[in-house]
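The chain contents come next:
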Amino acid sequence: MSAATGPRTRSSSLMSLRILSSAILLAPLVIAVVLVVSLGVDAPPSWTYAVGPVLAAVGFGLATVAGYRVTAAEAGLEPQRAARRSETDFRLTHMLRIAMTEAPMLLTMVVCFAVEPTSSLAFLVGLPFVLASMWWHVWPGDALISRVQAALERTGAPSYLREGLQKPMSIESSLPHL
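Residues numbered from 1 in each chain as written. Predicted model: local features only at pLDDT ≥ 70, side-chain atom pairs only at ≥ 80, totals over all residues. Heavy atoms only, no water.

### Brief notes about the side chain of Thr 48
If you trace the backbone, Thr 48 turns up in the loop between α1 (13-39) and α2 (51-66). Under the relative-accessibility criterion, Thr 48 is labelled buried at 1%. Within the local environment of Thr 48, its side chain forms a polar contact with the backbone oxygen of Pro 45, the two atoms lying 2.6 Å apart. Apart from residues no more than four positions distant in its own chain, Thr 48 is found in contact with Val 111, Val 115 and Ala 122. (Helix = DSSP H or I, 4+ residues; strand = E, 2+ residues; numbered from the N terminus. Buried < 20%, exposed > 50% of the residue type's maximum accessible area, 1.4 Å probe, protein only. Polar contact = N/O pair within 3.5 Å; in protein donor to acceptor, adjacent residues only side chain to side chain. Contact = heavy atoms within 4.5 Å.)

### A few points about a nonpolar patch on the surface
Nonpolar side chains collect at one region of the surface, where Val 54, Val 58 and Leu 62 lie side by side and expose about 260 Å² of accessible area between them. Among the structural elements, Val 54 can be located in helix α2. (Patch = residues over 30% accessible without salt bridge, like charges linked within 9 Å, V, L, I, M, F, W, Y side chains within 5 Å. Areas by Shrake-Rupley, 256 points an atom, 1.4 Å probe, with all protein chains shown as cover. Salt bridge = Lys/Arg side-chain N within 4 Å of Asp/Glu carboxyl O.)

### Some points on the packing of aromatic side chains
We describe a pair of aromatic rings using the distance from one ring centre to the other and the angle between the two ring planes. Within the structure shown, the criterion is met by 1 aromatic pair. Pairing Trp 135 with Trp 139 gives two aromatic rings, centres 5.4 Å apart and planes at 5 degrees, and the pair type is stacked. Look at Trp 135 and you get exposed, because its relative accessible area is 52%. Here Arg 97 stacks its cationic end above the ring of Phe 90, 5.6 Å away from the centre of that ring. Just above the ring of Trp 136 sits the side chain of Arg 147; from NZ or CZ to the centre is 4.3 Å. (Phe/Tyr/Trp six-rings, centres within 6.5 Å; stacked < 30°, edge-to-face > 60°. Lys NZ or Arg CZ within 6 Å of the ring centre and 35° of its normal.)

### Details of the packing of α2 against helix α4 (residues 121-138)
At a minimum axis distance of 8 Å, the contact between α2 and α4 shows a crossing angle of 10 degrees. What the angle tells us is that α2 and α4 run roughly parallel. Of the residues in α4, those touching α2 at Gly 52, Pro 53, Ala 56, Gly 59, Phe 60, Ala 63 and Thr 64 are Val 125, Gly 126, Phe 129, Val 130, Ser 133, Trp 136 and His 137. Residues belonging to the contact of α2 with α4 are distributed by class as follows: 8 nonpolar, 6 polar and no charged. (Axes fitted to C-alpha atoms, helices over the stretch in contact; angles between N-to-C directions. Parallel < 35°, antiparallel > 145°, perpendicular 65-115°, else oblique. Nonpolar A, V, L, I, M, F, W, Y, C, P; charged D, E, K, R; others polar.)

### Some details on α1
Between its first and last C-alpha, α1 extends 39 Å over 27 residues, near the 39 Å set by a 1.5 Å rise per residue. The largest bend along α1 reaches roughly 25 degrees and is located at Leu 26, with the proline Pro 28 sitting one to four residues downstream. For α1, the complete set of buried residues consists of Ser 13, Leu 14, Leu 17, Ser 21, Ile 24, Leu 25, Pro 28, Ala 32, Leu 35 and Leu 39. Where α1 ends, the next residue or the one after it, Gly 40, has phi of about 80 degrees, a positive value. (Expected span 1.5 Å × (residues − 1). Bend = angle between axes of the 7 residues up to and from the residue.)

### Thoughts on the pattern of salt bridges
This structure, assessed with the given rule, holds 3 salt bridges. Measuring nitrogen to oxygen at the nearest pair gives 3.5 Å for the salt bridge that ties Glu 87 to Arg 91. Note that Glu 87 and Arg 91 are positioned in helix α3 (residues 79-114) at a spacing of 4 residues, about one turn of the helix. With a relative accessible area of 25%, Arg 91 lands in the partly exposed category.

If you want it as structure tokens, here you go:
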């Protein structure tokens, strides 16, 4: 079977992004359970309670400022090529936004182990803020797709992002198109 006529599946690129995003959004909850069981909920130093929310705000800000930097859509590109390019840009910035919004959770976890007494409370206090930040910047819903599409279409050329995300996936469509 050639690459152009590769086997197709029923899932779309958007569906695979939603599955990935679901796993990413559930990870902090699993980590919270592990931390509570392993570290307990003793009272840590009071300053640690601010670590999670402050880092979540920093991650949210970084993702807002740098997480939507995509190359503007080119005028005159055929729709299929423009959709493929837009989808690739969306996927790349999606991974960047995941990293920026998940890093605060990981840093807060380090703080939980570094203070005496070790405790999961700092993580638990920051958890809602991290989850809200991740939900806003990671979940590929209509609002997020619209934000990225607006960035792609800032010069007026159509990006065909939604069409690219809705098309059925094939093996070759999961590879980066540079």
